[in-house]
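# Structural features, examined
Given next are the chains, with one letter for each unit.
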Amino acid sequence: MPLSHGHDLDARARRLLRTLIAQYLADGEPVGSRTLSRSSGLDVSPATIRNIMADLEEAGLVASPHTSAGRVPTPRGLRLFVDSLIELQPLPREEMARLKRELPPGPTTTRDLLGNVSTLLSAMTHFAGVVTVPRQGDFPLRHIDFVPLPDARVLVILVFSDNQVQNRIVQLAKPLDGRELEQAANYLNTHFAGLRVDDIRAHLLRELREAGSELNRLVASATELAAASFAPQGGEDVLVSGQTNLMGYAELADLDRLRELFEAFQKKNELLQLMEVCARAPGVRLFIGEESGFAALDGCSVVTASYGVQGRVLGAIGVIGPTRMAYERVIPVVQATAGLLSEALNRAATSL
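Just so it is clear, the model here is predicted, and its values are computed rather than measured. The residue numbering used here restarts from 1 in each chain and proceeds along that chain's sequence as written. Where totals are concerned, whole chains, interfaces and linings use all residues; where local detail is concerned, this predicted model gives features only for residues with pLDDT of at least 70, and gives and counts side-chain atom pairs only at 80 or more. Only hydrogens and water are set aside; all other atoms, that is, all heavy atoms of the structure, feed into the side-chain values.

## So, the overall build of the chain
Assigned secondary structure in the chain consists of 13 helices and 10 strands. Against the compact-globule benchmark of 20 Å for 352 residues, the chain has a radius of gyration of 27 Å, which places it well outside the compact range. Think of it in three bands: residues with accessible area under 20% of the maximum for their type are buried, residues over 50% are exposed, and the middle band is partly exposed, with areas taken using a 1.4 Å probe on protein chains only. Taken across its 352 residues, the chain has 47% of its residues classed as buried. Pairs at least 24 apart in sequence give 62% of the contacts found in the chain among residues at least 6 apart. Using the Shrake-Rupley algorithm and a 1.4 Å probe, accessible areas are obtained, with residue cover drawn only from the displayed protein chains. A total of about 17200 Å² of accessible surface is found on the chain, and carbon and sulfur atoms cover 50% of it. Secondary structure elements follow DSSP: runs of H or I no shorter than four residues count as helices, runs of E no shorter than two count as strands, and numbering proceeds from the N terminus. In this treatment the radius of gyration is a C-alpha quantity, and the globule benchmark scales as 2.2 Å times the residue count to the 0.38 power. Throughout, a residue-residue contact means that at least one pair of heavy atoms, one from each residue, lies within 4.5 Å.

Here is the structure:
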């Protein structure tokens, strides 16, 4: 969301703001007029630079810490910088090669793959890596088996397209023997392998309604089993890696701030809400400071990108770090990782 202030700045002001922010992101110190004069390459007097800085401060793009004559960018200034003052380049070839090398090449479960992505994002950026884990029902079913248990209970073994295996125990109204369970499993595997759980359940319930009492015993048993087996489970989860990296940044060194941030990582509710918002929007999303709407992240920037399979969004990945981060490097890392993750999931889906 570009700021209108950015469009009102003349070329000199934009250049000075870009120079100030680049310098601040590099060393974390307030930037003075003398440094700006040397680094910007502009042939203007120190008085002119001071006047421009005063205008930028009045516009809310820079601020003066009490202990220094220099200035630092505000979150609003950083937002303008990211939106219109830097040119993002594709991830360098060697870094892309590292991402490809460190993501699992062979078959693996989605959760293992996502855990690897979270750790890799943290290692590549030295911030916290965050990845949402979609509901298992978002993946196509590969195979189902039923095992009879005492007291009309059945062990349901679900194998999904991402190699994840789930075991559930369901309670039936009356017991089914091993042969009936095998027939029901064969029916479901023949007709519904390759479909998502929600789609299978909806199809079977619709079939049950339409057929009524004429439904044969096999389909009735399969429908009852499927309705119980595919009952909605828990929602999404979020994986976080490298939280302790954030303790090394002076901007986040306040103990109360760190405690609040780590509580947010532990409880995950607010973080999951934010990541779900990000997943609904294509491309890269960036929240600087209080833009996230969550107090625990006020001193942080969050860079995210959505991932998915076969054109359907499954979740989002991202990094959380201080607002003083190298955006021109972090954004391409997140973007490229999301693309590689989607490619890996699509390969798994097409192998079904």
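## Some remarks on the sheet that holds strand S5 (residues 153-160)
Here three strands make up an open sheet; going across it, the order is S4-S5-S6 and the pairing antiparallel. The open sheet has two edge strands, strand S4 (141-149) and strand S6 (165-171), and neither has a second partner. Averaged over all pairs of adjacent strands, the angle between strand axes in this sheet comes to 20°, irrespective of strand direction. Summarising the sheet, S5 and S6 pair through seven bridges and their orientation is antiparallel. Residue pairing for S6: Ile157 is matched across the bridge by Asn167. In this analysis an axis means a line fitted to C-alpha atoms, helices contributing only their contacting stretch, and an angle means the value between N-to-C directions, from 0 to 180 degrees. The strands touched by helix H8 (residues 178-192) are S4 and S5; relative to S4, the strand with the most contacts, the crossing angle is about 170°. By definition, two strands form a pair when at least two bridges between them are found by DSSP.

## As for the side chain of Ser122
Locating Ser122 in the fold gives a position in helix H7 (residues 110-125). The class of Ser122 is buried, set by a relative accessible area of 7%. Under the rule applied, a polar contact is a pair of N or O atoms within 3.5 Å (in protein, one hydrogen donor and one hydrogen acceptor; residues adjacent in sequence only if both atoms are side-chain atoms). Within the local environment of Ser122, its side chain forms a polar contact with the side chain of Asn245, the two groups lying 3.0 Å apart. Those residues within four positions of Ser122 in sequence are excluded, and the remaining contacts are Phe127, Gly129, Ser241, Gly242 and Asn245.

## Considering the pattern of salt bridges
By definition here, a salt bridge exists when the distance from a side-chain nitrogen of Lys or Arg to a carboxyl oxygen of Asp or Glu is within 4 Å. Summed over all chains, the structure comprises 10 salt bridges. We note a salt bridge from Arg329 to Glu95, for which the minimum N-O separation is 3.1 Å. Of the two residues, Arg329 sits in helix H13 (residues 327-350) while Glu95 sits in helix H6 (residues 93-102), which places them 234 residues apart along the sequence. By relative accessible area, Glu95 is classed as buried at 19%. With a closest N to O distance of 3.1 Å, Glu102 and Arg98 form a salt bridge. You can see Glu102 and its partner Arg98 sitting in helix H6, four residues apart, about one turn around the helix. Overall, the relative accessible area of 36% leaves Glu102 in the partly exposed class.

## Details of the environment of Thr132
By the element assignment, Thr132 lies in strand S3 (residues 128-133). Classification of Thr132 as buried rests on a relative accessible area of 1%. Setting aside residues no more than four positions away along its own chain, Thr132 makes contact with Leu114, Asp237, Val238, Leu272, Met275, Tyr307, Gly315 and Ala316. A polar contact of 2.8 Å, which involves the side chain of Thr132, links it to the backbone nitrogen of Ala316.

## Structural notes on the packing of aromatic side chains
Between 30 and 60 degrees the pair is tilted, below 30 it is stacked and above 60 it is edge-to-face, where a pair is any two Phe, Tyr or Trp rings, Trp via its six-membered ring, whose centres lie within 6.5 Å. Applying the stated criterion across every chain, the model contains three aromatic pairs. Between Phe127 and Tyr249, the ring centres sit 5.4 Å apart and the planes meet at 50°, which makes this aromatic pair tilted. Taken together, the residues Phe127 in the loop between H7 and S3 and Tyr249 in the loop between strand S7 (237-241) and helix H11 (255-267) connect sequence positions 122 residues apart. In this structure, Phe127 and Tyr249 share a single accessibility class: buried. Here Phe262 and Phe265 contribute two aromatic rings whose centre-to-centre distance is 6.0 Å and whose plane-to-plane angle is 75°, an arrangement assigned as edge-to-face. In this pair, Phe262 and Phe265 both sit in helix H11, three residues apart, roughly one turn of the helix. According to the relative accessible area criterion, Phe265 is buried, its value standing at 4%.

## What about the sheet that holds strand S9 (residues 300-309)?
Strand order in the open sheet formed by five strands is S7-S3-S10-S9-S8, and the pairing between neighbours is antiparallel. The strands lining the two open edges of the sheet, one partner per strand, are S7 and strand S8 (284-288). Geometrically, the sheet is characterised by an average inter-axis angle of 20° between neighbouring strands, direction not taken into account. Alignment of S8 against S9, held across five bridges, turns out to be antiparallel. Its bridge partner being in S9, Val284 is matched across the sheet by Ala305. The sheet strands contacting H7 are S3, S7, S9 and strand S10 (312-322), and the helix crosses S3 at an angle near 160°.

## Brief notes about the nonpolar core
Counting 107 residues, the largest nonpolar core has Leu17, Leu56, Phe146, Leu188, Ile317, Ile320 and Tyr327 as its most contacted members. The element best represented in this core is H13, accounting for 11 residues. Working definition of a nonpolar core: buried Ala, Val, Leu, Ile, Met, Phe, Trp, Tyr and Cys residues. They are joined through side-chain atoms within 4.5 Å.

The analysis is restricted to geometry; functional conclusions fall outside its scope.
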